[in-house]
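Below are the chains, spelled out letter by letter.
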Amino acid sequence: MHTPSSPPAALAQPFRFGITGMTCASCAGRVERALTAVPGVLSASVNLAAETATVETDGSASAAALAEAVRKAGYEVAAAVPADAAEGPAGGPGAAPAPVRTAARERRHLIIAALLSLPLALPMIGMAFDAHWALPGMWQLALATPVQFWLGARFYRAGWRALRAGTGNMDLLVALGTSAGYGLSLYHLLFSRSHQGEPPLYFEASAVIITLILMGKWLEARAKHQTTEAIRALQALRPAIARLRRNGGEEVEVPVDRVQPGDLVVVLPGERVPVDGEIIEGRSHNDESLISGESLPVPKEPGERVTGGAVNAEGRLLVRATTVGAESALARIIRLVEDAQAKKAPIQRIVDRVSAVFVPVVVLIALATLLGWGLATGDWTRATLDAVAVLVIACPCALGLATPTAIMAGTGVAARAGILIKDVEALETTRHLRIVAFDKTGTLTTGRPRLLAVAAAEGKDEREMLHLAAALQQGSEHPLAKAVLEAVREEGPLPSAARAVSALRGRGVEGRLDGRRLVLGSGRLMRELGVSLGSLATRGEQEAGRGRSVSWLAVDGGDGLRLHGLLAFGDPPRPEAGEAVANLRAQGIRPVMLSGDNAGAARAVAAAVGIAAEDVRAEVLPDDKAEHIRALAADGRVGMVGDGVNDAPALAAADVGFAMGGGTDVAMHAAGVTLMRNDPRLVADAIDISRRTSRKIHQNLFWAFIYNVVGIPLAAAGLLNPVMAGAAMALSSVSVVANTLLLRRWQPRARH
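Residues numbered from 1 in each chain as written. Predicted model: local features only at pLDDT ≥ 70, side-chain atom pairs only at ≥ 80, totals over all residues. Heavy atoms only, no water.

Undergrad: Explain the overall build of the protein chain here, please?
TA: Broken down by element type, the protein chain carries 26 helices and 27 strands. Counting every position in the protein chain, which comprises 752 residues, the buried fraction comes to 54%. Counting only contacts in the protein chain whose residues sit at least 6 apart along the sequence, the fraction spanning at least 24 positions is 71%. Element-wise, carbon and sulfur atoms account for 56% of the exposed surface of the protein chain, whose accessible area totals about 31,500 Å². (Helix = DSSP H or I, 4+ residues; strand = E, 2+ residues; numbered from the N terminus. Buried < 20%, exposed > 50% of the residue type's maximum accessible area, 1.4 Å probe, protein only. Contact = heavy atoms within 4.5 Å. Areas by Shrake-Rupley, 256 points an atom, 1.4 Å probe, with all protein chains shown as cover.)

Structure below.
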């Protein structure tokens with residue numbers, strides 16, 4: 001086994017391992033217990049479907065110590081890597097064995113086992129036609145032995161490791177059951193003298209059981225490979241080579257990991273953008289469908305940002321790199337999806353507790369079946385076969401696969417649609433939402449307002465007022481500031497920037513220019529500062545009644561703040577906003593709007609998108625949004641949708657926060673769900689996939705339990721022969737994963 005070396009200095013960070021040899025939920029639980037027992041480990045989570053373990057440490061536990069704990073538990077471990085590394089389990093040094101290679105090996109073993117078992121199984125078919133095709137006993141022994149001890153060696157090895165660790169697993173049950181059938185047949189063949197002709201042999205039962213289980217493993221490996229299709233598609237977007245432009249204009253190809261922020265990268269038509277960056281030269285369209293779920297190419301021009309992994313359609317682009325490696329948008333998306341898939345759903349904890357005692361209980365039931373039927377009837381051969389059936393059908397594989405495969409498939413298809421779910425808790429909580437609160441600007445509206453009206457106070461000049469507002473707004477990223485600057489640029493050059501500019505959180509901005517104090521902000525700010533709106537108050541109400549946002553400019557020339565005028569902005573609703581609200585109502589969810597804007601503008605947008613007037617909260621300060629979220633929580637679980645720094649407290653206060661992809665990193669960090677494009681319809685889609693995934697988990701657990709609840713009593717009662725038990729056991733895992741794969745057919749409503 002490859003044991004990873006210890007890091008030079010212990011770091012307080014999670015590690016991720018690829019683990020081989022796990023076959024059922026009992027295995028996953030044993031690895032978790034082994035890792036948790038290592039000093040310095042805070043928590044450990046093992047994903048049976050992904051064959052990975054994620055370990056949180058306090059910094060004192062080394063990778064070597066973790067690997068040794070896994071080895072002592074009886075499993076193999078690949079190199080440990082920090083869980084926030086650019087490469088993840090599916091593609092980096094911490095990767096578990098490639099699913100493709102695993103499926104190929106399982107297929108090869110299955111074919112060999114089937115060829116050896118078929119001659120043994122043919123007599124069972126012939127009996128239906130009153131034909132006797134049984135092979136001589138020694139021939140049966142020759143065919144069954146390689147199946148039992150070569151192709152079935154995996155069960156002995158894994159079962160022995162489980163016994164050494166003081167526990168049991170699926171492999172132990174299979175090894176005990178098939179060995180009992182093989183051993184009974186061998187005894188009859190070599191030592192039984194009480195039968196005329198050939199003694200009763202059951203080599204076909206043991207061989208066919210192993211073949212059926214191998215078939216289940218092959219189908220399971222293929223299905224698990226499909227559940228991770230979305231994350232592999234994202235990993236495949238990473239270009240290996242970037243074309244750099246040197247200072248002399250020379251273009252050279254270098255590995256993408258050598259690109260540094262600030263480097264100039266040339267992207268030719270048809271190539272993938274290698275890094276996140278800003279376009280310096282060129283115009284084109286980018287295909288971002290696999291990153292954001294946006295089905296239509298997105299137009300790009302100088303000054304706009306591009307995302308690594310997007311396909312450049314027709315133009316030659318020169319891009320200045322901004323973020324590379326593990327901090328790029330694509331790397332963070334992959335990491336977020338992997339982290340969500342590695343976590344456990346709350347219901348999985350119950351499954352783990354059941355699995356911990358499952359194997360010992362099954363062995364006791366099998367022993368009771370053997371002794372009960374043997375003592376009651378005296379037919380120890382029949383009693384042995386019934387005990388074998390109990391051991392074989394009682395496999396906890398399906399229990400271990402039920403939850404993680406559904407989570408992997410659900411988060412995978414969500415990521416493909418541009419919905420990134422941070423963790424399983426967010427996935428679980430999202431389905432229970434009853435209220436969704438939207439921030440207005442940039443969420444339900446386009447976030448690109450235009451200056452529509454300027455009105456100066458009596459005796460003041462509109463042009464001067466506009467230039468004073470522009471002086472305050474220079475350098476600001478606020479949408480209203482951009483609208484002011486754009487309007488001034490249309491008339492001429494920008495004025496000199498004001499000094500000592502500071503933001504008045506949620507209310508406006510102030511600064512100084514030529515010795516005068518300037519304040520630009522909301523009507524609420526003017527009231528707080530004691531500024532009279534005078535005759536412009538009526539004009540402000542009229543503009544607000546039209547659904548416009550109104551900002552007021554006040555100037556202090558030494559005699560106190562005096563109103564200078566008003567600016568009215570229009571920010572139209574997004575074309576998709578009405579449909580987004582309607583979709584939420586169809587799901588039984590109440591939409592609410594929280595806005596720092598005036599009541600007239602907020603109600604106008606709400607009416608346009610279908611939100612009831614009583615569900616509008618206007619002139620809400622950023623810090624007060626969180627209080628409104630807590631108040632709404634009295635009527636049920638609340639989701640909050642926002643895109644700015646001001647929304648972060650409310651996103652954190654909500655049961656589930658939804659950060660719009662065009663928003664800030666602060667908002668995305670506070671949110672449980674990130675929407676990779678500015679489409680509010682994705683909120684309803686996120687709730688839909690959450691509900692569907694949770695439904696799949698419960699369906700899978702039902703099928704996993706029902707096989708055992710029905711199968712074990714039937715086997716113990718002698719109503720299920722070992723071959724049928726083997727088929728049912730293999731079918732249980734396959735049916736669970738196949739049911740999960742139905743999630744891959746899910747399509748979001750938010751499609752163009």
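After that view of the structure, there is still more to cover.
Undergrad: Before we go on, may I ask you to explain the packing of aromatic side chains in this structure?
TA: Each aromatic ring pair is characterised by the separation of its centres together with the angle its planes make. On inspection of all chains with the given rule, the structure shows four aromatic pairs. Summarising the aromatic geometry, the rings of phenylalanine 149 and tyrosine 182 are spaced 5.1 Å apart at their centres and angled 90° between planes, so their arrangement reads as edge-to-face. Residue phenylalanine 149 is found in helix 4 (residues 137–151), and its partner tyrosine 182 is found in helix 6 (residues 170–191); the two are separated by 33 residues along the sequence. Assessed through its relative accessible area of 43%, phenylalanine 149 is described here as partly exposed. With a relative accessible area of 8%, tyrosine 182 lands in the buried category. Between phenylalanine 702 and tryptophan 703, the aromatic rings sit 5.4 Å apart at their centres with planes inclined by 70°, giving edge-to-face as the arrangement. By relative accessible area, which is 42% here, tryptophan 703 ends up partly exposed. These aromatic residues form a ring-pair network of at least three members: Phe149, Tyr156, Tyr182 and Phe203. (Phe/Tyr/Trp six-rings, centres within 6.5 Å; stacked < 30°, edge-to-face > 60°.)

Undergrad: Even after reading the chapter, I still don't get the pattern of salt bridges, so can you show me in this structure?
TA: For side chains bearing opposite charge, pairing can occur when the charged atoms are close. Counted by the stated rule, this structure contains 23 salt bridges. Between arginine 681 and glutamate 579 there is a salt bridge whose closest N-O contact spans 3.3 Å. Residue arginine 681 is located in helix 25 (residues 681–716), and its partner glutamate 579 is located in helix 20 (residues 577–586); the two are separated by 102 residues in the primary sequence. The exposure class assigned to glutamate 579 is partly exposed, which follows from its relative accessible area of 37%. (Salt bridge = Lys/Arg side-chain N within 4 Å of Asp/Glu carboxyl O.)

Undergrad: Quick question: what am I supposed to make of the confidence of the model for the protein chain here?
TA: Caution applies to low-pLDDT regions: their predicted coordinates should not be interpreted in detail. Taken residue by residue, the protein chain gives an average pLDDT of 82. The fraction at 70 or more is 87%. Note on residues 1–11: pLDDT is under 50 here. Beyond four places in sequence and across chains, it has 27 contacts. (pLDDT = per-residue confidence, 0-100.)

Undergrad: I would appreciate a short explanation of the environment of proline 449 in the present structure.
TA: Residue position: proline 449 is located in the loop between helix 15 (440–444) and strand 17 (450–456). By relative accessible area, which is 7% here, proline 449 ends up buried. Sequence-distant contacts of proline 449, defined by excluding residues within four places in its chain, comprise Pro479, Leu480, Ala483, Phe569, Gly570 and Asp571.

Undergrad: Teacher, can you tell me more about the pairing of strand 6 (residues 241–245) here?
TA: Strand direction decides the pairing type here: strand 6 and strand 7 (residues 251–255), joined by five bridges, are antiparallel. Paired with leucine 244 across the two strands is valine 252, which belongs to strand 7. With two bridges joining them, strand 6 and strand 8 (residues 264–267) adopt antiparallel strand pairing. Bridged to leucine 244 within strand 8 is valine 265. (Pairing = 2+ DSSP bridges.)

Undergrad: Where do I start with the sheet that holds strand 23 (residues 590–594) in this structure?
TA: Hydrogen bonding along the main chain pairs the strands of a sheet, whether they run parallel or antiparallel. Pairing within the open sheet is mixed, and its seven strands lie in the order 15-27-26-25-16-23-24. The open sheet has two edge strands, strand 15 (419–421) and strand 24 (616–617), and neither has a second partner. Sheet analysis places strand 16 (residues 435–439) next to strand 23, joined by five bridges and oriented parallel. Each bridged residue has a counterpart across the sheet, and for phenylalanine 438 the counterpart in strand 23 is methionine 593. Docked against the sheet, helix 25 engages strand 15, strand 16, strand 25 (638–642), strand 26 (656–660) and strand 27 (673–675), running at close to 50° with respect to strand 15. (Axes fitted to C-alpha atoms, helices over the stretch in contact; angles between N-to-C directions.)

Undergrad: Even after reading the chapter, I still don't get a nonpolar patch on the surface, so can you show me in this structure?
TA: A contiguous nonpolar patch, built from Phe705, Val709, Val710, Leu714 and Leu719 and spanning about 440 Å² of accessible area, is present on the exposed surface. Residue class for leucine 719 comes out exposed when judged on its relative accessible area of 64%. (Patch = residues over 30% accessible without salt bridge, like charges linked within 9 Å, V, L, I, M, F, W, Y side chains within 5 Å.)

Undergrad: Please clarify how the UniProt feature "transmembrane region" (unreviewed entry) in the protein chain should be interpreted in this entry.
TA: In the numbering adopted here, UniProt assigns the feature "transmembrane region" (unreviewed entry) to residues 110–131, 137–156, 168–189, 201–219, 354–376, 388–415, 701–720 and 726–743. End C-alpha to end C-alpha, residues 137–156 measures 24 Å, and it is 95% helix and 0% strand. Counted over residues 201–219, helix gives 89% and strand 0%. Its end C-alpha atoms are 30 Å apart. (UniProt positions renumbered as here; feature names shortened; annotations may be inferred.)

Undergrad: Honestly, unusual backbone geometry in this entry has me stumped. Any pointers?
TA: Glycine aside, negative phi is the norm for most residues, and most peptide bonds take the trans geometry. Even without being a glycine, alanine 500 presents a positive backbone phi close to 55°. For alanine 500, the position within the fold is in strand 18 (residues 499–504). Phi angles above zero are rare outside glycine, and aspartate 514 is one such case at about 55°. On the secondary structure map, aspartate 514 appears in the loop between strand 19 (508–513) and strand 20 (516–521).

Undergrad: I would appreciate a short explanation of the packing of helix 12 (residues 380–393) against helix 25 in the present structure.
TA: For any two helices packed against each other, one specifies the inter-axial angle together with the distance between the axes. Following both chains from N to C, one finds helix 12 and helix 25 inclined at 170°, their axes separated by 8 Å at the closest point. What the angle tells us is that helix 12 and helix 25 run roughly antiparallel. Across the interface between the two elements, Asp386, Ala389, Val390 and Ile393 of helix 12 pack against Tyr707, Asn708, Gly711, Ile712, Ala715 and Ala716 of helix 25. Across the contact of helix 12 with helix 25, the residue classes break down as seven nonpolar, two polar and one charged. (Parallel < 35°, antiparallel > 145°, perpendicular 65-115°, else oblique. Nonpolar A, V, L, I, M, F, W, Y, C, P; charged D, E, K, R; others polar.)

Undergrad: How should helix 19 (residues 536–545) be read in this particular structure?
TA: All of the buried residues along helix 19 are Leu536, Gly540, Glu543 and Ala544. Buried residues of helix 19 fall within an arc of 100° about the axis and therefore sit on the same side. Looking at helix 19, the residues exposed on the side facing more than 90 degrees away from the buried face are Glu541 and Gly545. Those residues of helix 19 that are buried lie in contact with strand 17, strand 21 (549–556), strand 22 (561–570) and helix 21 (599–609). Two residues or fewer past helix 19, glycine 547 is found with a positive phi of approximately 85°. (Arc of directions from axis to C-beta.)

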